[in-house]
Amino acid sequence: MTGGGGRPRAYPDIAAAWTRLEEFLGASFRPELTDYEACCAYVEEEFARHGAKDFYSQSTGYLYDLTHFHFMAHKDPFFDLVARLTRTQGLRDLGDVGCGVGLDAQALMADGNDVTAYDIPSPSLDYARWRLAADTGAGDVVRPLDALGDRRHDLVYAVDVLEHVPDPAALVPRLFESGRFVAVNLFPHDPEPWDGRDMHYPLDHTRLLPELARHGELVELAVAGETVSALWQGREEARS
């Protein structure tokens with residue numbers, strides 16, 4: 001199913017996605033959070049309450065937040081890059097690292113790809129597993145992040161993920177161990193220490209980019225607003 005920006009979406013429109021989320025949550029569904037500004041305020045309150053350590057494993061507001069983002073154009077350039085790669089290189093076995101509620105993974109599955117979705121145990125991952133089982137019969141493709149590396153994919157991608165990780169450079173080797181190609185997007189360089197309040201950790205490119213270059217060769221770059229999407233091929237793969 002194609003949504004705004006031309007890239008596939010999991011459902012024809014966001015109203016259908018809200019219906020699915022309401023079916024999952026039942027009486028605890030909060031229709032006021034389908035308003036984006038109300039959702040942002042609620043998620044910020046949750047982050048302040050739980051802190052960075054527990055927010056992602058406890059948040060229910062994040063189910064709404066990630067649903068909003070799936071239907072926005074923010075990630076379109078990133079997935080345009082992924083689509084070009086799958087089309088030109090014939091890559092169909094994908095690993096979605098930091099899959100959240102799994103809507104992006106579901107859209108790519110509907111587009112003919114085999115996708116394994118990875119994230120930390122959380123309400124978001126529970127929802128992804130429930131929905132993919134109900135909609136596609138493939139709830140078993142949702143796996144905990146600890147399982148990353150158990151199999152090797154054609155491509156692993158991490159979109160809007162590295163800025164949520166305290167030490168993103170430490171994740172880089174695992175990405176290349178798990179995929180022949182690796183796609184990530186990078187928020188602007190920020191060498192300042194984390195202030196403890198922002199949901200995004202600052203990305204120090206002086207640490208992150210050398211680690212990416214150590215494991216892979218840069219294939220393509222694309223600009224998406226303030227972020228840069230980067231496609232890398234693993235060095236061993238490039239030499240073969």
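Residues numbered from 1 in each chain as written. Predicted model: local features only at pLDDT ≥ 70, side-chain atom pairs only at ≥ 80, totals over all residues. Heavy atoms only, no water.

### Brief notes about the packing of helix α7 (residues 168-178) against helix α8 (residues 205-215)
In helix packing, the relevant descriptors are the interaxial angle and the interaxial distance, both defined with respect to the helix axes. In contact at an axis separation of 9 Å, α7 and α8 are set at 15° when each is read in the N-to-C sense. As judged from the angle between their axes, α7 and α8 are roughly parallel. Of the two elements, α7 crosses α8, and the hand of that crossing is right-handed. Each of P168, A169, V172, P173 and F176 in α7 lies in contact with α8, whose residues at this interface are R207, L208, E211, L212 and H215. (Axes fitted to C-alpha atoms, helices over the stretch in contact; angles between N-to-C directions. Helix = DSSP H or I, 4+ residues; strand = E, 2+ residues; numbered from the N terminus. Parallel < 35°, antiparallel > 145°, perpendicular 65-115°, else oblique. Left-handed = near helix turned anticlockwise from the far one by under 90°. Contact = heavy atoms within 4.5 Å.)

### Observations regarding the packing of helix α3 (residues 61-70) against helix α5 (residues 103-110)
Look at α3 against α5: their axes get within 10 Å of each other, and the N-to-C directions meet at 45°. Judged by the angle between their axes, α3 and α5 are oblique. Counting all contacts with α3, which are made through L66, T67 and H70, the residues of α5 involved are L103, D104 and A107. Residues belonging to the contact of α3 with α5 are distributed by class as follows: three nonpolar, two polar and one charged. (Nonpolar A, V, L, I, M, F, W, Y, C, P; charged D, E, K, R; others polar.)

### Let's talk about the side chain of N185
By secondary structure assignment, the location of N185 is in strand β5 (residues 179-186). Looking at N185, the relative accessible area reads 2%, which means it is buried. A distance of 2.7 Å separates the side chain of N185 from the side chain of D160, its partner in a polar contact. Sequence-distant contacts of N185, defined by excluding residues within four places in its chain, comprise F78, A158, V159, D160, V161, L162, T227, V228 and S229. (Buried < 20%, exposed > 50% of the residue type's maximum accessible area, 1.4 Å probe, protein only. Polar contact = N/O pair within 3.5 Å; in protein donor to acceptor, adjacent residues only side chain to side chain.)

### Observations regarding α8
Turning to α8, its buried residues are H205, L208, E211 and L212. Seen end-on, α8 carries its buried residues on one side only, within an arc spanning 145°. Every exposed residue of α8 that faces more than 90 degrees away from the buried side is listed here: T206 and R214. (Arc of directions from axis to C-beta.)

### Describing the sheet that holds strand β4 (residues 153-158)
Judged by pairing direction, the sheet is mixed, and its seven strands sit side by side in the order β3-β2-β1-β4-β5-β7-β6 without closing on themselves. The strands lining the two open edges of the sheet, one partner per strand, are β3 (142-144) and β6 (216-224). Strand-to-strand twist in this sheet, taken as the mean axis angle between neighbours without regard to direction, amounts to 20°. (Pairing = 2+ DSSP bridges.)

### Describing α5
For α5, the buried fraction is high: seven of the eight residues fall into the buried class. Taken together, the buried positions of α5 are L103, D104, A105, Q106, A107, L108 and M109. In this structure, the buried residues of α5 make contact with α3, α4 (76-89), β1 (93-97), β2 (114-119), α6 (123-136) and β4. Of the residues trailing α5, G112 is marked for its positive phi of about 100°.

### What about the packing of aromatic side chains?
If you walk through the whole model with that rule in mind, you get 14 aromatic pairs. A ring pair is formed by Y36 and F69, whose centres lie 6.2 Å apart and whose planes are at 80°; its orientation type is edge-to-face. Pair noted here: Y36 is in helix α2 (residues 36-58) and F69 is in helix α3, with a separation of 33 residues, a long-range link. For the ring pair F47 and F55, a centre distance of 5.4 Å and an interplane angle of 70° mean the geometry is edge-to-face. With respect to burial, F47 and F55 carry one shared label: buried. Through a chain of ring-to-ring contacts, three or more aromatic side chains come together here, namely F47, F55, Y56 and Y62. (Phe/Tyr/Trp six-rings, centres within 6.5 Å; stacked < 30°, edge-to-face > 60°.)

### What to know about the pattern of salt bridges
In this structure the tally under the stated criterion is 18 salt bridges. The partner of D135 in a salt bridge is R20, and the shortest N-O contact between them spans 2.5 Å. With D135 in helix α6 and R20 in helix α1 (residues 14-25), this pair connects stretches of sequence that are 115 residues apart. Given a relative accessible area of 16%, R20 falls into the buried group. Look at the salt bridges and you will find they share partners, linking R7, R9, K75, D76 and D104 into a network. (Salt bridge = Lys/Arg side-chain N within 4 Å of Asp/Glu carboxyl O.)

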